[in-house]
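In case you want the letters, here they are:
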Amino acid sequence: MQAMMSLFDKKLSPRNLYAYMNAGSALSEQYRTVRTNLLFALDKHKRYSLAVTSPEKGDGKSVTCTNLAISLAQQGCKVLLIDADMRNPSLHTLFNVKNTTGLSNVLNKTCRIEEAIQNTPVGRLDLLPSGPLPYNPTELADSQAMENLISLALEEYNLVLFDTPAINQYSDAKILANQCDQLIMVIKSGKTAAEKAVKAKKSLSEAKAEFLGIILNQR
Ligand SMILES: Nc1ncnc2c1ncn2[C@@H]1O[C@H](COP(=O)(O)OP(=O)(O)O)[C@@H](O)[C@H]1O
Ligand SMILES: [Mg+2]
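Fair warning: this is a prediction, and the values are worked out from it, not measured in the lab.

Caption draft 1: Representation of the overall build of the protein chain in the model. Counting secondary structure elements, the protein chain contains eleven helices and seven strands. In the protein chain, buried positions account for 51% of the 219 residues. Put simply, 79% of the contacts in the protein chain that link residues at least 6 apart link residues at least 24 apart. For the protein chain, the exposed surface amounts to about 10,800 Å²; the carbon and sulfur share of it is 50%.

Caption draft 2: Structural context of helix α11 (residues 194–204). Those residues of α11 that fall on the buried side of the exposure criterion are Ala 197, Ala 200 and Leu 204. Down the axis of α11, the buried side of the element spans an arc of 65°, and every buried residue falls inside it. Facing away from the buried surface of α11 by more than 90 degrees, the exposed residues are Ala 194, Glu 195, Val 198, Lys 199 and Lys 202. Looking at the buried side of α11, the elements it contacts are β1 (48–53), α10 (172–179) and β6 (182–188).

Caption draft 3: Quick look at the environment of Val 34. Note that Val 34 resides in helix α3 (residues 26–41). When the C-alpha positions of Val 34 and Ile 215 are compared, they lie 7.9 Å apart, and in sequence the two are 181 residues distant. Setting aside its immediate chain neighbours within four residues, Val 34 contacts Leu 68 and Ile 215.

Caption draft 4: Seen up close, the packing of aromatic side chains. Under the defined criterion, the tally for this structure stands at zero aromatic pairs. Directly above the ring of Tyr 170 sits Arg 87, whose terminal nitrogen or CZ lies 3.9 Å from the centroid. A cation over a ring is seen here: Lys 201 above Phe 211, with NZ or CZ 4.5 Å from the ring centre.

Caption draft 5: Layout of the sheet that holds strand β7 (residues 210–217). Judged by pairing direction, the sheet is mixed, and its seven strands sit side by side in the order β3-β4-β2-β5-β1-β6-β7 without closing on themselves. With partners counted over all chains shown, the strands left at the sheet margins are β3 (118–119) and β7, one partner each. Across seven bridges, β6 lies against β7 in parallel orientation. In the strand pairing of β7, Ile 184 is matched with Gly 213. Strand contacts of helix α4 (residues 61–74): β1, β2 (79–83), β4 (125–128), β5 (159–163), β6 and β7, with the helix running at about 165° to β5, the strand carrying the most contacts. Set on the sheet, helix α9 (residues 144–156) makes contact with β1, β2, β4 and β5; between it and β5 the angle comes to about 140°.

Caption draft 6: Molecular detail of the nonpolar core. The biggest cluster of nonpolar side chains holds 37 residues, and the ones touching the most others in it are Ile 82, Leu 103, Leu 107, Leu 128, Leu 149 and Phe 162. Among the elements that make up this core, the one with the highest residue count is α9 (six residues). Non-local contacts of Ile 82, meaning those with residues more than four positions away in its chain, are made with Leu 91, Leu 103, Leu 128, Leu 149, Val 160, Leu 161, Phe 162 and Asp 163. The next biggest cluster of nonpolar side chains, apart from the first, holds 26 residues, and it includes Leu 38, Cys 77, Val 79 and Ile 184.

What counts, and where the lines are drawn
- Residues numbered from 1 in each chain as written.
- Chains lettered and ligands numbered in written order.
- Predicted model: local features only at pLDDT ≥ 70, side-chain atom pairs only at ≥ 80, totals over all residues.
- Heavy atoms only, no water.
- Helix = DSSP H or I, 4+ residues; strand = E, 2+ residues; numbered from the N terminus.
- Buried < 20%, exposed > 50% of the residue type's maximum accessible area, 1.4 Å probe, protein only.
- Contact = heavy atoms within 4.5 Å.
- Areas by Shrake-Rupley, 256 points an atom, 1.4 Å probe, with all protein chains shown as cover.
- Arc of directions from axis to C-beta.
- Phe/Tyr/Trp six-rings, centres within 6.5 Å; stacked < 30°, edge-to-face > 60°.
- Lys NZ or Arg CZ within 6 Å of the ring centre and 35° of its normal.
- Pairing = 2+ DSSP bridges.
- Axes fitted to C-alpha atoms, helices over the stretch in contact; angles between N-to-C directions.
- Core = buried A, V, L, I, M, F, W, Y, C linked by side-chain atoms within 4.5 Å.

Written out as structure tokens, the structure reads:
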């Protein structure tokens, strides 16, 4: 227990990793409910790539995605969490790890995926941080290299979870939704205007990914 506590302090940003820090809290329970609903919707014998997105910046994509990843890993699922918000990455900060190599390096082929993946203090959860900001994030998201990365990751992990940029801001999220099997949209309670949510949902309608549902954040 002592060792766990010092790990909390050194490795994690305590404010945001509720599901790990505070397994007994009401919020953790909410993440577990989302996890249960998600697992009901998926076939437990299959492996999935899943994009988490939202209409705008600040809706809670990164926090939701991280806590969902933790919650699923705690349930026994082997999860790779990928920071695909290359313009505004935050997962390396949440997990307090370096972002010197990551997704952008793997996609532009300056390093291999296994060199860029980092272990986290949460068993069964690994992290691929965004890496340095590339000059062409949209093209990288839309590349054959991204398709290859997802296939390779799915050989190792049950779930590959993508944190993405806001839908109404860049086309990256739409592109990622087209690369992934499943899609979840986060809406911020009291903030996301109905027409923005509708616009976001509409722009995702042609993507390949199956729309699993909406998570209402900060209700
Ligand atoms: N459920 C929540 N409870 C408390 N704070 C939250 C919650 N969801 C998000 N936040 C806070 O809101 C801010 C934006 O969240 P973030 O996940 O970074 O948004 P996005 O990734 O969509 O830009 C962060 O400071 C985060 O800590
Ligand atoms: Mg974010």
